[in-house]
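One letter stands for each residue in the lines below.
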Amino acid sequence: MQAWLYRWLPIIFGCHCRSDRSFFYRGKQFPICARCTGELIGILCALPCFVLFSVPNWKTCLFLMLPLLLDGFAQKLTSYQSGNLRRLVTGILFGYALVGLVSITTIFAAQAGFEFGKNLK
């Protein structure tokens, strides 16, 4: 199973897997970087949180995505480099919000389709 993770997680996330931006456990590098690790944690935690608390609205989701976007663009456009802890946290927020937006659009599409179907006769 571990070989599968190391092969497919970087492909699924489009991860660069840079060692300077990755966590290590017992001397072995994680299969994806700190930011992608955060996104994975956010994605995995989102649905249980939505069941317990409810799906956040789309404005909240967009707000939760901002830290990753700001941090990522700041690194790309300037000499600023964030640390792995910040990358992890911004990734968690982004992954959580991403699942929120997917949930919102899926619910909307299902409801719209149901209403459309009821009107067919």
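In case you missed it, the structure is sitting above this.
Here goes a summary of the coordinates provided.

How each quantity is defined
- Residues numbered from 1 in each chain as written.
- Predicted model: local features only at pLDDT ≥ 70, side-chain atom pairs only at ≥ 80, totals over all residues.
- Heavy atoms only, no water.
- 1 Å grid on protein atoms, 1.4 Å probe; cavity = no way out; pocket = protein on both sides within 12 Å on 5 of 7 lines; lining within 4 Å.
- Points joined across faces, edges and corners; volume = space filled by probe spheres on them.
- Helix = DSSP H or I, 4+ residues; strand = E, 2+ residues; numbered from the N terminus.
- Nonpolar A, V, L, I, M, F, W, Y, C, P; charged D, E, K, R; others polar.
- Phe/Tyr/Trp six-rings, centres within 6.5 Å; stacked < 30°, edge-to-face > 60°.
- Lys NZ or Arg CZ within 6 Å of the ring centre and 35° of its normal.
- Buried < 20%, exposed > 50% of the residue type's maximum accessible area, 1.4 Å probe, protein only.

Topic: the layout of surface pockets
Space inside the largest pocket adds up to approximately 240 Å³. As for the largest pocket, its lining consists of 13 residues, of which His 16, Arg 21, Cys 33, Arg 35 and Cys 36 are closest to the centre. Contributing elements (two or more residues each) for the lining of the largest pocket: helix 2 (34–53) and helix 3 (58–77). Its residues placed into classes, the lining of the largest pocket shows four nonpolar, four polar and five charged.

Description of the packing of aromatic side chains
In total, this model carries two aromatic pairs according to the counting rule given. Ring centres 5.1 Å apart and planes at 70 degrees place the aromatic pair Phe 50 and Tyr 96 in the edge-to-face group. Taken as a pair, Phe 50 in helix 2 and Tyr 96 in helix 4 (residues 84–118) lie far apart in primary sequence, 46 residues in all. Cation over ring: Lys 28 sits above Tyr 6, and NZ or CZ is 4.9 Å from the ring centre.

Let's talk about the environment of Leu 98
Along the chain, Leu 98 falls in helix 4. Judged by its relative accessible area of 35%, Leu 98 falls in the partly exposed class. Separated by 56 residues in sequence, Leu 98 and Gly 42 have C-alpha atoms that sit 8.6 Å apart.

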